[in-house]
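# Coordinates in review
Single-letter residue listing:
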Amino acid sequence: MPSGQNYDAIVIGAGVVGACCAHYLAEAGLCVGVVDRGSVAAGTTGAGEGNILVSDKEPGAELDLALLSQRLWTELIDVIGSACELEAKGGIAVGYDPSTFEHLQQFAAKQRDSGVIATEVTGGDLLALEPHLNPEVAGAIYYPQDMQTQPMLAAAHLIARGVRVGRITLHTNTDVVGIRQGDGGAVTGVETARETLWAPIVVNAAGTWGGQIAAMAGVEVPILPRRGFILVTEPLPTTVHRKVYSAQYVANVASDEASLQTAAVVEGTESGTILIGASRERVGFDRTRDWSIVSTLAAQALQLFPVLEKVALMRTYGGFRPYCPDHMPVIGPDARVPGLLHACGHEGAGVGLAAATGHVIAQSVMGQTTSIDLQPFAAERFGALHV
Amino acid sequence: MTELAAECDVLVIGAGAAGLSAAYEAAADGNRVVVIDANARPGGQYHRRGVKDPPYFPAGTTDAQRWANIATYMGWQAYAADLDGDLVVVRLRGDERHRNDLHAVSTRVLVVATGAVDRQLAIPGWQRPGVMAGGGAQSLIKGSGVLPGRRTLVTGTGPFLLAVTAAIVQAGGEVAAVIEANQPRRLIRHAAQLMPTGLMKSGEALKFAAILARHRIPYLTGHRVTEIHGAEDDAAVASAVVHRVDEQWRPIEGSARTFEVDCVTLGFGFTAQLDLLMQLDCEAVQSADGGLAVCVDDNQMTSVPRVLAAGETTGVGGVDLAAVEGRIAGIQACHLLRTDGQRTQPDSKVMTGLYRRRGHLRRFAKALALSFPTPTAWVAEQTGDTMVCRCEEVSLTTVLEARDDLGATDARAIKLLTRAGMGWCQGRMCSYTVEGLCPGPTSVASQKAAANRPIGVPIPLGAVAKQGRA
């Protein structure tokens, strides 16, 4: 046997998606190595809001995945306990004027057919749900299934639990420099800057870097960064109870625009701070801040919650969502490289979709029928065969 | 509030020795120079002035007409700096009473002379009222004439402890003892570098020695404060325990002694204030004291064009070095602003003198830093309920769990998993402690991440929102 460590499966990426993949693979009885170039949750997971949403998804494969994930997350809380700050807080999509509210109503009607719970709320009922919301808005849809978690803690605790029971080995600060392939191109392990880690199964959960990992195995997976900024306020007594966003947010999530788009997304956290998003723009890996984004996000948040006017903005953080041209993640075995599976390209929905992604990856590795048809998520859908 | 200029040729952030020296030199060609400082009066930390004190001008800056052309705006905090084509835009907020006043200044050349803040380390009880940074105590006395306590224990390391002691006793306060964690024999190892400038500074040292002798203040070297006690959990300081320590500052068993005091100052060196420079993505290095410093060339230019730095931001080195660096930065600012035809080399004799003096002072600062190091391995060995991050109330146990059980390998991961450094002070208090608790030596990348504060001071959302419409 060649030197280096042996695993049943290697997961590249210790973000929330990688952590969920490792967790479900370990639950299936496999010995899993998790490799990350940095610390746990250091990439997109550590730059997000921790949303587990069904509300922002159109009916289709991604919504089915989101609904499955939402159920699985509530089960995961039994596994990792309260540490991940999972909160079934519900989401509220707000229509400022009657016409946007009408759009929201039509969108919700379609979602209901797919199993989403969506309730129209207006006037006093809306203010009862969210007392500080601007009373002038036309109406809103309440989505009780929307949840929030602290994704860094969720990822870290899922991996830590696997380590404790002896199923997961974590390799942090470990750069993957190559994918080992044997006969017929089947993967045999990964080459790191330090050593070779051997396994017949390699899961690419590298998020924004998923395309680079795929290229190491000689296949193309088109994943690009879509930049986002989030503003963080000083801690307050609970002022925003749920995840509240304007109708424009749903349109932006699905948009193909490269230029800057912003839509207010406002939510409280367990620590009392309020997070204000969300901006989306395709500018590569440029981290340069554009101050106009900060003011625009602040103005849009105040439109939803005028009460926040005197609240201090403490900091901003930003990151890159890994997105594919059709806004769908890449999940499942790569038919071109035996033993290689992808679990990346979740864009801004990685936390929400992570549980279901890990679940179906494990099912696929174990040769079981997956709970969700993975065809729409196949890496080969983009056409190009080999890089 | 005074109407601020929207644009200028040279914007200097910080009205201390470095900033004022830079401003004076930069104004030589008739450039429009603006100086901004968060404090009420110019002078900076060293030359801090009370309301009744005469104004401070750096030595040799005698041309009153030139000062008259320099616009100095006090009570403004620079919270963000961004490049905008050939200009640098610096965003300002008014002081605590004017938090809604926001302003932006576009400048052709930026000089960052924002100084340094006290470096802190977590010790059991350091969150109690009555515990403060040495520099904080000094500012309180110099700026407001207020004593930090009736009886103070001055602790930490470095010659700055003596400056704090002098400030307290000269203001009529009592110092129970000076607790220096390092051994003076370390000075001998670096004697060659310390000697030339040290002789120059020996007058200051003798003055401090005289103060200690006159007031019979014990000066305990190789000792460290290990616990700070009060009547109950959140009560003010009533006493402090001091231990003899080894070279790594680990307490030696059986050496404890208790001081009855109502104030403890902590001072473990300084951390350069690099917010603006990190926002601009300037290159940085680790300096001899283990802290982060911005990289500058011979003429105080950072890696970002038209952005210069002087004083403690380039490595903590004291007021004399800050003034020299400020002068060089100001001269270079003038040079950068001259159009090609007018461009002349600065007087080489003057420059040679300034470079030489800066070289001496930098070598002295480095030798001092090596003589008074701040090891951190002992921090992790303290009681688990020691508060690491006071803003977010994160205990040592929580940080060690993140490191040992949750896979956090650097300060950023510890922050994300524990909230240490996410609170009101944005990690200014706890980042050195957290870095010290990380496995392995601290990397520049990790220090840069910790020093990267996208917004320097909290700003009301309403004011931010309005800014976009302006």
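Calculation rules
- Residues numbered from 1 in each chain as written.
- Chains lettered and ligands numbered in written order.
- Predicted model: local features only at pLDDT ≥ 70, side-chain atom pairs only at ≥ 80, totals over all residues.
- Helix = DSSP H or I, 4+ residues; strand = E, 2+ residues; numbered from the N terminus.
- Rg over C-alpha atoms; globule rule 2.2 N^0.38 Å.
- Buried ≥ 20, exposed ≤ 12 C-beta atoms within 10 Å, placed from the backbone.
- Contact = placed C-beta atoms within 7 Å.
- Nonpolar A, V, L, I, M, F, W, Y, C, P; charged D, E, K, R; others polar.
- Pairing = 2+ DSSP bridges.
- Domains from an automatic or database assignment.
- Core = buried A, V, L, I, M, F, W, Y, C linked by C-beta atoms within 7 Å.
- pLDDT = per-residue confidence, 0-100.
- Axes fitted to C-alpha atoms, helices over the stretch in contact; angles between N-to-C directions.
- Parallel < 35°, antiparallel > 145°, perpendicular 65-115°, else oblique.
- Left-handed = near helix turned anticlockwise from the far one by under 90°.

### Focus: the overall build of chain A
When helices and strands are tallied, chain A shows nine helices and 20 strands. The C-alpha atoms of chain A give a radius of gyration of 21 Å, which matches the 21 Å a tight globule of 387 residues would have. Dimensions of chain A, computed from the C-alpha atoms along their principal axes, are close to 70 × 40 × 40 Å. Put simply, chain A has 387 residues, and 55% of those count as buried. Contacts in chain A between residues at least 24 apart in sequence constitute 74% of all its contacts with a sequence separation of at least 6.

### Digging into the overall build of chain B
Assigned secondary structure in chain B consists of 15 helices and 22 strands. Compactness check: chain B gives a C-alpha radius of gyration of 22 Å against a globular reference of 23 Å for 470 residues, within 12% of the reference. Across the 470 residues of chain B, 53% fall into the buried class. Long-range contacts, defined here as pairs at least 24 residues apart, represent 68% of the contacts in chain B between residues at least 6 apart.

### What about helix α1 (residues 17-26) of chain B?
Counted residue by residue, α1(B) has 10 buried out of 10 residues, so it is predominantly covered. For α1(B), the complete set of buried residues consists of B:A17, B:A18, B:G19, B:L20, B:S21, B:A22, B:A23, B:Y24, B:E25 and B:A26.

### Some details on the interface of chain A and chain B
Each side of the interface is counted separately: chain A has 37 residues, and chain B has 26 residues. Those elements that place two or more of their residues in the side of chain A that touches chain B are α5 (151-164), α8 (291-304) and β18 (312-323) of chain A. No other element matches the nine residues that α8(A) contributes to the side of chain A that touches chain B. Each residue belonging to the side of chain A that touches chain B can be placed in one class, and the counts come to 21 nonpolar, 11 polar and five charged.

### Looking at the sheet that holds strand β10 (residues 176-181) of chain A
All names here are of chain A. Ordered by their spatial adjacency, four strands build an open sheet running β1-β12-β11-β10, and the pairing between neighbours is mixed. The open sheet is flanked by β1 (5-6) and β10, the only strands paired with a single partner. Examined bridge by bridge, strand β11 (residues 187-192) and strand β12 (residues 196-198) share three bridges and lie antiparallel to one another. Residue pairing in the sheet places E191 in a bridge with T196 of β12.

### Thoughts on the domain arrangement of chain B
Residue and element names in this part refer to chain B. Annotation of chain B at the domain level lists domain 1 (7-117 + 271-367), domain 2 (120-268) and domain 3 (377-439). The straight-line distance from the C-alpha centre of domain 1 to that of domain 2 is 30 Å. The element contributing the most residues to the side of domain 1 that touches domain 2 is helix α10 (residues 348-371), with six residues. Among the residues making up the side of domain 1 that touches domain 2, the classes are represented as four nonpolar, three polar and three charged.

### Comments concerning the domain arrangement of chain A
All names here are of chain A. Taken domain by domain, chain A holds domain 1 (5-68 + 151-222 + 327-382) and domain 2 (91-144 + 224-323). For domain 1 versus domain 2, the distance between C-alpha centres works out to 28 Å. Each partner contributes residues to the interface: domain 1 has 23 residues there, and domain 2 has 29 residues. For the side of domain 1 that touches domain 2, the per-class residue count stands at eight nonpolar, 11 polar and four charged.

### Comments concerning unusual backbone geometry
A:A278 follows A:G277 through a cis peptide bond whose omega is -10 degrees. Take A:A278: it is sitting in strand β17 (residues 274-280). One non-glycine residue, B:R306, lies in the positive phi region at around 70 degrees. Residue B:R306 is classed as buried on the basis of its C-beta count, with 20 C-beta atoms lying within 10 Å. Non-glycine residue B:R419 carries a positive phi angle of around 75 degrees. The exposure class assigned to B:R419 is buried, which follows from the 20 C-beta atoms found within 10 Å.

### Some remarks on the nonpolar core
A:I159 and B:V111 are the most contacted members of the largest nonpolar core, which has 263 residues in total. Excluding residues within four positions of it along the chain, B:V111 makes contact with B:V10, B:V12, B:G19, B:A22, B:L308, B:A310, B:A329 and B:A333.

### Quick word on the environment of A:S246
All names here are of chain A. Here S246 shows up in strand β15 (residues 243-246). Sequence-wise, S246 and I92 are 154 residues apart; in three dimensions their C-alpha atoms are separated by 8.4 Å. Every residue in contact with S246, bar those within four places of it in the chain, is listed here: V94, Y96, A263, A264, Q300 and L304.

### Comments concerning the confidence of the model for chain B
Low-pLDDT stretches of the model should not have their predicted coordinates read in fine detail. Of all residues in chain B, 97% attain a pLDDT of 70 or more, and the chain-wide mean is 92. For this predicted complex, the interface confidence score (ipTM) comes to 0.89, while the overall pTM stands at 0.92.

### As for the sheet that holds strand β15 (residues 263-268) of chain B
Residues and elements named next belong to chain B. Reading across the sheet, the five strands line up as β8-β15-β9-β10-β11 and stay open at both edges, with parallel pairing between neighbours. Looking along the sheet, the strands with just one partner apiece sit at the ends: β8 (131-133) and β11 (219-221). The average angle at which neighbouring strand axes cross in this sheet is 20 degrees, direction not considered. Both strand β9 (residues 151-157) and strand β10 (residues 174-180) contribute to a ladder of six bridges, which runs parallel. Among the inter-strand pairings, G156 is bridged to a residue of β10, identified as E180.

### A short note on the packing of helix α1 (residues 16-27) of chain A against α5(A)
The relative placement of two packed helices comes down to the angle between their axes together with the axis-to-axis distance. All names here are of chain A. Across the interface, α1 lies against α5 with an axial gap of 9 Å and an inter-helix angle of 30 degrees. With respect to each other, α1 and α5 are oriented roughly parallel. Our pair here, α1 against α5, has a crossing hand that is left-handed. Across the interface between the two elements, V16, A19, C20, A22, H23 and A26 of α1 pack against P151, A154, A155, L158, I159 and G162 of α5. Its residues placed into classes, the contact of α1 with α5 shows 10 nonpolar, two polar and no charged.

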